[in-house]
Structure formats: structure tokens, C-alpha cells
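Structural description and commentary
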Amino acid sequence: METDGSHGEGRARRGAPPPLRPSLWVEEPTGLRRLPDPVRTAAVRAVLIVSLTMIQAMVAFFCTLAGSWLAFPMVLSSVASTVAATWSVLDVWVTRQAWRQRHGVVSEPSSSARQLRRERRRERREVRRRARRDARIRPRRRLPGARGQSGHPGPGQRISELSEA
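A brief structural summary. (Residues numbered from 1 in each chain as written. Predicted model: local features only at pLDDT ≥ 70, side-chain atom pairs only at ≥ 80, totals over all residues. Heavy atoms only, no water.)

A look at the side chain of serine 78
Note the following rule: We count a stretch as a helix when DSSP gives it H or I for four or more residues in a row; a strand needs E for two or more, and each element gets its number in order from the N terminus. The classification of residues rests on relative accessible area computed with a 1.4 Å probe and restricted to protein chains. Under 20% of the type maximum is buried, over 50% is exposed, and intermediate values are partly exposed. Contacts described as polar in this section are N or O atom pairs within 3.5 Å, which, within protein, must combine one atom able to donate a hydrogen with one able to accept it, while residues neighboring in sequence count only if both atoms come from side chains.
Note on placement: serine 78 falls in helix H3 (residues 71–103). With a relative accessible area of 9%, serine 78 lands in the buried category. Reaching out from serine 78, the side chain makes a polar contact with the backbone oxygen of glutamine 56 at a distance of 3.5 Å.

Considerations on the pattern of salt bridges
Stated formally: When a carboxyl oxygen of Asp or Glu is within 4 Å of a side-chain nitrogen of Lys or Arg, the pair counts as a salt bridge.
In total, this model carries four salt bridges according to the counting rule given. Taking the shortest distance from any N to any O, the salt bridge between aspartate 37 and arginine 40 comes out at 2.2 Å. Residue aspartate 37 and its partner arginine 40 are both found in helix H2 (residues 37–66); the two are separated by three residues, about one turn of the helix. Residue arginine 40 is classed as partly exposed on the basis of its relative accessible area, which comes to 23%.

Comments concerning the side chain of serine 81
Where we set the bar: Residue contacts follow a heavy-atom distance rule, with two residues in contact if any of their heavy atoms lie within 4.5 Å.
Checked against the element boundaries, serine 81 lands in helix H3. Under the relative-accessibility criterion, serine 81 is labelled buried at 14%. A distance of 2.6 Å separates the side chain of serine 81 from the side chain of glutamine 56, its partner in a polar contact. Excluding residues that lie within four positions of it along the chain, serine 81 makes contacts with Thr53 and Gln56.

A look at H3
Heads up, the condition is: Helices are assigned an expected span. That span is 1.5 Å times one less than the residue count.
Over its 33 residues, H3 extends 47 Å from the first C-alpha to the last, a length consistent with the 48 Å expected when each residue adds 1.5 Å. Those residues of H3 that sit buried are Ala71, Met74, Ser78, Ser81, Ala85, Ser88, Val92 and Thr95. Close packing links the buried residues of H3 with H2. Positive phi shows up at glycine 104, right after H3, with a value of about 55°.

Written out as C-alpha cells, the structure reads:
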């Protein structure tokens, strides 16, 4: 029945699974970490309040267009909920900053200026450390007639002290 070999190849292809294509949606891992619990709670609360405020503003707009008696109370409550929505968004920001301060997020240096400041701080600390060490360790005063007295003032010894001896 089949005289042409191409028909047989077609049937063999129909039975085989189709060739795999790369997916259109490719998941790539992000570098962002999950928000801390208090910040995430504040963010969810802010999203809910903002979305309800937008719905309320739309209802107030449509009630105004329709000339309904409900328009005036809806406009007043929309103004109040706009204030509440602004407050809730600020709450997310404040909560995030407070969490960072309390839990000491380690910052990675993003600029060379931070590295230079760090090096300068190390140098200042080292200078202070040396000054403290030098202030603690004072050279001993040599007693007159001690061995090795050469007539030259030693460290911390005055010329007047030598002449008295």
C-alpha cells in the first residue's frame, strides 16, 4: 500500500514524543532575602488598606457621577482612609528601619569610600594604641653611681641630674 518511504517516516514520527523545547518561563533565583516577620506583617497590612482605599475612592467617584446621596459620606471616608493608607505605608518604612537597627544588619561595602574610611579608622586606632602604650611604659631613672653610667643623659634623665651626682 505504501509505495513512498516518506509516509512510513511520518508514522514513526507520530508515535515518538515531540522534541523538547526550552520553556518560555524560566525561574531564576533572586538575591533578595525574605522580609522579616514584623516588616512583612506591616507590608501586608499596608497593601490591604491601600487597596480598600482605592476601592472606596472608586465607589465615591461612581456615586458622585450617579448623583447618589451616598456620594458625600463616601468622599469624606475616602479622605480619611487616604490618610490611614499613607500612615500604613510609612509604618512599613519605619518598621523596616527599626528592625535593621535592632538586629544589626551587616552591611557590605558598596563603595571604595567605605574601605578608605575603614583604613583611616584603623590607622587612628593604631596611633592611639601606641600613644597609650608609650604613656604606660616609662623608662626607668638611673641612679647615680649605677653600672653603665657614662655621663650622658639616658632616656628620661635630665642633664641637671647628672651634674648633681
